[in-house]
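Single-letter residue listing:
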Amino acid sequence: MRTPTNFPRSTLTLALLAVFSVPSYSSDQPSEDLTELDAVTVFGETYRNTATKTALEPEETPQGITIIDQEQLEQRGVTSVNQALRYVAGASAENRGNSVIMFDDFKIRGFSTKNVNYYDGLSMLYLNGWNLQPQVDMVAVQQVEVFKGPTSVLYGAMPPGGMVNMIAKAPQQQAATTLGLATGSRNLIEASIDTTGQIADSDVSYRLIALARKQDSQVDNAEEERYVLAPSIDWQATDSTLINVNLYYQNDPEMGMNSSMPLEVLKKSEPSVSMGDVNWSQFERELLMVGYKIHHQFNSNWTFLQNARVTKADLNQENTYHATAVNPDGTLTRYPYSTDEELKGFVIDNQVSGAIDIAGVENNLLFGVDYQSMDGDVAYTSYSVAPGSGFVSFDPLNPNNNALNRADVTETGVYLDDTEATQLGIYLQDQIRLGNLVVIAGGRFDQYESQSDYYAHESNHDHFTYRVGALYVLDSGWSPFVSYATSFEPAPGVDKNGSAFDPETGEQAEVGVKYLSQDMSTSASASFFHITKKNALMADPTNIYGPKIQVGEAVSQGVELEARWYANQNFHLSAAYTYLDMEITKDAGNGLEGTTPIYVPTHSANLWANYHVYAGALAGTRISGGARYVGEMEMDATNTQGKVPSYTSVDLSLGYELGQASESLSGATVNLIANNLFDEEYYSCYDQNNCWFGAERSLELNVKYAF
């Protein structure tokens, strides 16, 4: 049987469009209407499912996976991975509040996944231990795929909780252009364009995406500013060879504020309060990624995909931090610092896939070799400020954010880091179909090397990871599954005694069931997972700014429930619930055994609904809304400082097709998005000395014109 290499819109989406179509696609219309709909292509030949790097549908994958499509991203006004994960089971996002946008800080199934985002199947390289983490704006993303549990067998160095892969928008042969304008809270101004199509009668298709956005930060005296340019082309070089060339450029002249505040200050302050100073506040980042893909079909069974990318990124910041709680006189001692960070890197993934028949059993094989290298340079500079200035005697409850005179600043030290890292991985996977049974098994060997001048270490870690899983599709639509997977994370660096860390390893056992109704109107999944991570790294609770500690073993276990229901052409509903029990089970003398890590709520749940009006005076109207509940979490790693309270946030999204009011406005839509509609005040904490406000209420009004 031929392995599919062309990936149209998902089977579920097409079926739902057919079943719950508006009257223009009713059964008394010519059949060619639906034929034309089936021809719509979203991803193209170079797309690969995050969970398997094959064409295996998510509902047939014996492991947890959540997909957030473009429609959901647009309805919720999502601009970052942090925001995209708000409605994902098993994920806790925005762990440093809403105003810290310079990196995505989230956990999946209790384990930190900071700095392991993937874009179009390739790792987004980062500077370990520093601040430079490249991000991709959602304007260039088709959908976000969240793969739950260990993924090392396909991607190498990965935490056991899971990963996020952002699928890039691809060139399309059918011409289409969307223009967008937006305004909203905190002086939001945004303009965008997304245009695609075929160049004349050639074998080349293009896509061009551009964005300009500017907005005041939630924190006083700070701004958020971004410019994006993302062109790409597909060239059908021969009947069997497709070449894609893509570029992504992003300039962030302003990235808000990175400063935390003590809990006792937060409880007496507004979400806009700042612990920084306007005369020492700079966050600027620039990112350039240039890549290509080559997809070649040898014959009806075997294909080759090479996916490669070069990355260059820079970050410059001037910021302040406080090392202790509020002083007895009510002041906060602040320290200025700056960093200049640069990253250069290369990532390549080579895949050969094909189908063979062995003793009457279909085997879909995948062979892969990937490699990545990263070279980074950092200059960290510390400063002192002349005594007696307003900067030193800072009153956090009556802040003067314009107190620093740069003439009073004296450089006290410059710390340089030259860091390098390489990873080479070889992997093999076999996906077997035997009637209704799907079995998947794979193994991978990784070799990782790194060195850092600042952290004074050299690491050389080799490791083998594997995965086995099975899923059986019952005629009733239920598909029970079971899987076992392992993970591997290099642990560059040394502890406070100068001893090199051992690599972090993990293993997960997962059992569950997926459901897809016969008419495809209802889908659901339930899974129970048990993850054990060994040699886990975490911050030293006695010195959070010092070297990390390797605590021994952490166990995360829980239940995830997700469901979607398309009741009819008008009403759609999705819901999710997570129960998560996490504990440090072994600890090498750091006093953490029996504790629960921070940013891990025991209970979390969310609900989202869409209602579309297709007839009557309100035809063309969409009403969407949701609520998300995040349970209480530990305040600090030692579990001795209390709890971060639970919260519930409500979001609303309204849309209207202007073409319903006037044919001259056909193709234009207007959307009103309200996040945290009731302005629920909540926060997150690293400990009582370092807390951040969550997102306050925000409104966005956008108009899009598609033609």
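Residues numbered from 1 in each chain as written. Predicted model: local features only at pLDDT ≥ 70, side-chain atom pairs only at ≥ 80, totals over all residues. Heavy atoms only, no water.

Asks: In this structure, what is going on with the confidence of the model for the chain? I would like to understand it.
Replies: Should pLDDT be low for a region, the predicted coordinates there are not to be read in detail. Residues at a pLDDT of 70 or more form 93% of the chain, whose mean pLDDT is 89. Put simply, helix α2 (residues 32–38) is where the chain has its lowest mean pLDDT, 37, and strand β10 (residues 188–198) is where it has its highest, 98. (pLDDT = per-residue confidence, 0-100. Helix = DSSP H or I, 4+ residues; strand = E, 2+ residues; numbered from the N terminus.)

Asks: Explain the sheet that holds strand β2 (residues 91–92) to me, please; I cannot follow it from the model alone.
Replies: As a general point, the strands of a sheet are linked pairwise by backbone hydrogen bonds and lie either parallel or antiparallel. Spatially, β2-β3-β4 is the arrangement adopted by the three strands of the open sheet, whose pairing is antiparallel. Each edge of the sheet is formed by a strand with only one pairing partner; in this case those strands are β2 and β4 (111–112). Bridging between strand β3 (residues 107–108) and β4 involves two bridges; their strand directions are antiparallel. Bridge pairing links K107 to S112 in β4. (Pairing = 2+ DSSP bridges.)

Asks: What's the story with the pattern of salt bridges in this structure? I'm lost.
Replies: Where charged atoms from two side chains of opposite charge approach closely, those side chains can pair. All told, the structure shown has 26 salt bridges when counted by the stated rule. The salt bridge involving E560 is made with R109; its shortest N-O contact spans 2.9 Å. Of this pair, E560 sits in strand β26 (residues 552–566) while R109 sits in the loop between β3 and β4, placing them 451 residues apart in sequence. Across this residue pair, the class does not change: E560 and R109 are buried. Here D252 ties to R226 by a salt bridge, and the two come within 2.8 Å at their closest N and O atoms. Of this pair, D252 sits in strand β13 (residues 241–255) while R226 sits in strand β12 (residues 223–238), and the two are 26 residues apart along the sequence. What emerges from the salt-bridge pattern is a single network uniting D137, E190, R213, R226, D252 and R285. (Salt bridge = Lys/Arg side-chain N within 4 Å of Asp/Glu carboxyl O. Buried < 20%, exposed > 50% of the residue type's maximum accessible area, 1.4 Å probe, protein only.)

Asks: Help me out: how do you make sense of the state of the cysteines in this one?
Replies: What makes a disulfide is a covalent bond joining the sulfur atoms belonging to two cysteines. Applying the stated rule across the entire model yields one disulfide. Disulfide partner of C685: C691, at an S-S distance of 2.1 Å. Since a negative S-S torsion denotes a left-handed disulfide, the C685-C691 link at about 105 degrees is right-handed. Taken as a pair, C685 and C691 share a single burial class, namely buried. (Disulfide = S-S within 2.5 Å.)

Asks: Can you walk me through the pairing of strand β34 (residues 683–687) in this structure?
Replies: Remark: a regular strand shows side chains that alternate across the two faces of the sheet. By the criterion of burial, β34 is predominantly enclosed, with four of the five residues buried. In the sheet, β34 pairs with strand β35 (residues 690–693) via four bridges, with the strands oriented antiparallel. Bridging from a neighbouring strand, C685 pairs with C691 of β35. Linking β34 back to β35 in an antiparallel pair, the connection comprises two residues.

Asks: Looking at this structure, how should I read a nonpolar patch on the surface?
Replies: On the surface, a cluster of nonpolar side chains totalling about 490 Å² of accessible area is made up of Y611, I623, L654, L672, L699 and L701. Looking at the element boundaries, L701 is found in strand β36 (residues 698–706). Overall, the relative accessible area of 40% leaves L701 in the partly exposed class. (Patch = residues over 30% accessible without salt bridge, like charges linked within 9 Å, V, L, I, M, F, W, Y side chains within 5 Å. Areas by Shrake-Rupley, 256 points an atom, 1.4 Å probe, with all protein chains shown as cover.)

Asks: I keep staring at a negative patch on the surface and nothing clicks. Help me out?
Replies: Taken together, the side chains of E270, D679, E680 and E681 define an acidic patch exposed on the protein surface. Assignment of secondary structure puts E680 in the loop between β33 (668–675) and β34. (Lys, Arg positive; Asp, Glu negative; His and termini not counted. Charge placed at Lys NZ, Arg CZ, Asp CG, Glu CD.)

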